[in-house]
Amino acid sequence: MALLEVTNLGISFGGLRAVDNFNIKIEKGQLYGLIGPNGAGKTTIFNLLTGVYQPTDGTIALDGEVLNGKSPAQICQSGISRTFQNIRLFHEMTVLDNVKAALHNQMTYSLADTFFRLPKYRKKEDEMNRKAVEILKVFDLDSHADHLAANLPYGKQRKLEIARALATNPKLLLLDEPAAGMNPNETAELMDTIKLIRDQFDITVLLIEHDMKLVSGICEYLTVLNFGTELASGTPNVVLNNPVVITAYLGE
Amino acid sequence: MNLFQSIMEQLLNGLRTGSIYALIALGYSMVYGIAKMINFAHGDVIMVGAYALFMGMTALSLPLPVAIIFTIVVCAVLGIAIEKVAYKPLRNASSLAVLITAIGMSFLLQSLALIIFSATPIPFKSIISMKGIKIAGVDIPGITIITLVVTTAIMVALTLFINKTKAGSAMRAVSEDRGAAALMGINVNRTISMTFAIGSALAAVAGILYICQYQSITPTLGALPGIKAFVAAVLGGIGSIPGAMVGGILLGIVESMSKAYISTELADAIVFGVLVVILLVKPSGLLGKLKAEKV
Amino acid sequence: MKNERNKFTKGKIINIVIAVLIYILIMAALNGGMLSRQMSSLLVPICVNVMLAVSLNLITGFLGELTLGHAGFMSIGAYAGSLLTIYLDLPMYVEFIIAILVGGAVAAFFGFLIGVPVLRLRGDYLAIVTLAFGEIIKSVINVIKITNGAKGLNDIPSYSTFRNFTIVYILVILTIILIVNLVNSRHGRAIRSIRDNYIAAESVGIPVSKFKVMAFVISAFFAGVAGVVYAHNVGIIKPTTFDYNKSIEILVIVVLGGMGNIRGSIIAATILTLLPEMLRGADNLRMLIYAIVLIAMMLFNGSGAKERLISSKYFPKFLKRQKGVE
């Protein structure tokens, strides 16, 4: 059984059909790319998968569990986490706290532990600190742990957002244009990091990206989206040489 | 007096108070639309207007029409000055910082009035001497007729100004997107000043009508109509001009009906209750636009 | 993170030492007769305002929502607590502690009632609805019998005047400790993350609605406790004591002290309670000076003048510190 199975997904905003009859199957451990021209509906699909929008038609199933009707927070607990095209960090919190906020559902203690600083509070907070630093180390951010997220340079903010998404311990990680605004060196480094987290954390990755070098470099499978529907699917080599896809990107 | 007459009279009372609220609410709404701030000192501009009219008529012994124009000018200038001194330096600060500054400005105006005129109420004889008329057994006092005529005329003029003139479209552009408006060559500072001037001028007119109704002037007289009009602006959808008019009149009618038929003491609670219910059903107010955040 | 933990305990010890020192100083001054009657009578109002400001900071500073109805919660606590001590006939401390808990709990219940519908609203709309709730509470208290309407409650036993300063001080310190503990926990982190970006907070699995209501309930509880202390200090409460001007007064304290800055709230509450009393000699000028100070401070904080001063070389280094949670 595929990890993520989306069938006949569709959503309309008023009269506009933003996504229509969209199907995708992602196997466990896959690095999957979702590409398409601007306005094709890629981010809308991410919003549907994470419960920000509720689909008008179709079903979304993760590991056999149907996610339709669940809130974003519930979907996160079911095992999908994401980053955002326009970075959404907790700006006034430290880098460490950003990651610890994402550990919210994994290392828990009660309000009584909080108010009265019972031993469980210290124990779980220490556990959180260890785990958070461990994740930050993967992204080379541990030295910034005590800085405010807002003060990080752009590239590191993108990384922190991925680190935070990872901290929720997802089965499926959605990355929305992770390389946007990065220079070629940073992009190359990011490609290595994405591969590394897939292997080290044993998760599946679905990413939206415009950088074709990154897409063809790391994605094992691609789906091309145009006007809210699937245009083509397959391995990067096949898809990127498909004349229909080239036309969609470059025009007639 | 039968029930119909009594209801009609209360309705007219509500309409009169409500249209004064609407005039004040327009000021809140216009300023909110353009400067994205709640101008808490707006209510106190009414009070300044009241004192200005009183001083114009007594100390300066101006003829009535001149005194009225004097009042409007004083308030308009005051509005511009408040914006320049207190709000303009805070354009890039948090909206809460601006709110607190506005509250400070409100205290400042009240305490200045307190120092200059003392807390003793100054009796004021209504400047409206028109006789009332009677239609179908319903008494319509002169002050109601004047208030309704004046506020209707102002609202029509304001709507035309905003929708038909170049300055009006500049105002709409700035409230839509300040940055883009500046890039299109609109003088944002001047447009904001103009908005404050118009809003305060409306407050001056509202102040004149208000003291004609209550016939006494105190340093805190602006607080109550100010807060009611603020509620009216939110009720109608803050930032929306027709919303402020509808909200003000609705609020006036609800208030006068509850005072007459339910309980004077609970009238405020009912007014605020209506606000809460409307906002829960329609979180952006009656005619407001809800801006959903794009993910 | 060994370092952080050490730093943390060190800061904690300093705070404890400061709290104890302040207590000793105040008690010494009180018992030594060094405080004038006027100053002594200000001790409890300062404590009440500290509790109100710290609790409001939870909603405004840490949850990031503007409310203008905090005095409403305070009034509910004040009335609930006072009715208990008036009608109960128990030893003073037992009665007062029950009143504190019940006053807080009733206010918290209203915090829940108000917090749930308010979830649909944000920003200025939330502000106006909380203002409306505050005014509704005031009007209803004004009408119903048990609260004695507009005349208010008299004969409230003086359990929390400056003569019983110790118990008031303990309550203040408890309020501060509990709220600081909350802010620096997973619950507080969730609340702060909602402030910074609620969409991202949802996306990492934080149930936003639950934590918004939680912040309202906890904040209302402590406002209620402050109300009980207030009532048992002045002895008389009326509905008009708790109008929106009181809510605004608390908000001003929080904003001046710094959003999300507990220490700032404490200092601002102290200064802003003392300031009007200090100016009592110049009665008419009092409001004027207060207003000018308020505007000047906001302009200084918000217009960039402060940043320019801090980054200039004349600014003493030890006063610079990183922005964050105490």
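Naming follows an unreviewed UniProt entry, where chain C appears as Branched-chain amino acid ABC transporter permease of Anaerosacchariphilus polymeriproducens. In its Subcellular location (unreviewed entry) section, the UniProt record describing chain C reads: "Cell membrane".

Looking up chain B in an unreviewed UniProt entry gives the name Branched-chain amino acid ABC transporter permease, with the organism given as Anaerosacchariphilus polymeriproducens. Checking UniProt for chain B, the heading Sequence similarities (unreviewed entry) contains the comment "Belongs to the binding-protein-dependent transport system permease family. LivHM subfamily."

A. Here's a closer look at the interface of chain B and chain C. In this assembly, 45 residues from chain B lie in contact with 39 residues from chain C. The junction of chain B with chain C conceals about 3700 Å² of combined surface from both sides, 81% of it contributed by carbon and sulfur atoms. Together, Leu96, Ile100 and Phe107 of chain B form the three largest contributors to the area buried by chain B at its contact with chain C, with a combined 16%. Viewed at the interface, chain C and chain B are joined by 0 salt bridges. Between chain B and chain C we count 2 residue pairs in polar contact (both at pLDDT 80 or more) in total. Contributing elements (two or more residues each) for the side of chain B that touches chain C: α3 (64–87), α4 (95–117), α9 (223–236) and α11 (267–281) of chain B. Among the residues making up the side of chain B that touches chain C, the classes are represented as 35 nonpolar, 7 polar and 3 charged.

B. Main features of the packing of aromatic side chains. For the structure shown, the criterion picks out 17 aromatic pairs over all chains. When the ring of Tyr32 of chain A is compared with that of Tyr221 of chain A, the centres are 5.4 Å apart and the planes differ by 50°; the resulting orientation is tilted. On the criterion of sequence distance, the pair formed by Tyr32 of chain A in strand β3 (residues 31–35) and Tyr221 of chain A in strand β9 (residues 221–226) is long-range, its members being 189 residues apart. A ring pair is formed by Phe107 of chain B and Tyr290 of chain C, whose centres lie 6.0 Å apart and whose planes are at 40°; its orientation type is tilted. Pair noted here: Phe107 of chain B is in helix α4 and Tyr290 of chain C is in helix α12 (residues 283–302), and the two residues belong to different chains. When sorted by exposure, Phe107 of chain B lands in the same class as Tyr290 of chain C, which is buried. Among the aromatic side chains, those forming a connected cluster through ring pairs are Tyr28, Phe40 and Phe230 of chain B. Sitting over the ring of Phe90 of chain A, Arg164 of chain A keeps its end group 4.6 Å from the ring centre.

C. Representation of the environment of Ala127 of chain C. Residue and element names in this part refer to chain C. Position of Ala127 among the secondary structure elements: in helix α5 (residues 123–143). Linking Ala127 and Ile97, residues 30 residues apart in sequence, is a C-alpha distance of 32 Å. Leave out the neighbours within four places in its chain, and Ala127 touches Leu66 and Leu68.

D. Spotlight on a nonpolar patch on the surface. The grouping of Leu112, Ile115 and Ile116 of chain B together with Leu285 and Ile289 of chain C at the surface amounts to a nonpolar patch, some 400 Å² of accessible area in total. With 3 residues, the single largest contributor to the nonpolar patch is α4 of chain B. One can find Ile289 of chain C in helix α12. By relative accessible area, which is 31% here, Ile289 of chain C ends up partly exposed.

E. Spatial organisation of the UniProt feature "transmembrane region" (unreviewed entry) in chain C. Residue and element names in this part refer to chain C. Mapped onto this numbering, the UniProt entry annotates "transmembrane region" (unreviewed entry) at residues 12–30, 71–90, 96–118, 125–144, 164–183, 213–230, 250–275 and 287–305. The distance separating the terminal C-alpha atoms of residues 125–144 is 28 Å; by composition the span is 95% helix and 0% strand. Helix makes up 85% of residues 250–275 and strand 0%, whereas the separation of the span's terminal C-alpha atoms amounts to 14 Å.

F. Seen up close, the sheet that holds strand β8 (residues 204–208) of chain A. Residues and elements named next belong to chain A. The strand order across the open sheet formed by 6 strands is β6-β7-β8-β3-β9-β10, and the pairing between neighbours is mixed. The sheet terminates laterally at β6 (80–82) and β10 (229–234), the two strands that pair on one side only. Between one strand axis and the next, the sheet turns by 20° as a mean value, whatever way the strands run. For strand β7 (residues 172–176) and β8, the ladder comprises 5 bridges, and the chain directions are parallel. Considered in β8, the bridge of Leu175 is made with Leu207. Contacts from helix α7 (residues 184–201) reach β3, β7 and β8, with the element oriented near 135° to β3. Set on the sheet, helix α10 (residues 243–250) makes contact with β3, β9 and β10; between it and β10 the angle comes to about 130°.

G. Spatial organisation of the interface of chain C and chain A. Tallying the contact residues gives 35 residues for chain C and 40 residues for chain A. Summing both sides of the interface, chain C and chain A together bury roughly 3300 Å²; the carbon and sulfur share of this comes to 57%. For the pair chain C and chain A, the interface holds 3 salt bridges. One salt bridge connects Arg189 of chain C with Asp97 of chain A, and the closest N-O pair in it is separated by 3.4 Å. Where chain C meets chain A, there are 14 residue pairs in polar contact (both at pLDDT 80 or more). Residue assignment for the side of chain C that touches chain A shows that the elements contributing at least two residues are α1 (2–31), α6 (165–183), α7 (186–196), α8 (198–203) and α9 (208–234) of chain C.

About the cut-offs
Residues numbered from 1 in each chain as written. Chains lettered and ligands numbered in written order. Predicted model: local features only at pLDDT ≥ 70, side-chain atom pairs only at ≥ 80, totals over all residues. Heavy atoms only, no water. UniProt positions renumbered as here; feature names shortened; annotations may be inferred. Contact = heavy atoms within 4.5 Å. Buried area = accessible area lost by both parts, 1.4 Å probe. Salt bridge = Lys/Arg side-chain N within 4 Å of Asp/Glu carboxyl O. Polar contact = N/O pair within 3.5 Å; in protein donor to acceptor, adjacent residues only side chain to side chain. Helix = DSSP H or I, 4+ residues; strand = E, 2+ residues; numbered from the N terminus. Nonpolar A, V, L, I, M, F, W, Y, C, P; charged D, E, K, R; others polar. Phe/Tyr/Trp six-rings, centres within 6.5 Å; stacked < 30°, edge-to-face > 60°. Buried < 20%, exposed > 50% of the residue type's maximum accessible area, 1.4 Å probe, protein only. Lys NZ or Arg CZ within 6 Å of the ring centre and 35° of its normal. Patch = residues over 30% accessible without salt bridge, like charges linked within 9 Å, V, L, I, M, F, W, Y side chains within 5 Å. Areas by Shrake-Rupley, 256 points an atom, 1.4 Å probe, with all protein chains shown as cover. Pairing = 2+ DSSP bridges. Axes fitted to C-alpha atoms, helices over the stretch in contact; angles between N-to-C directions.

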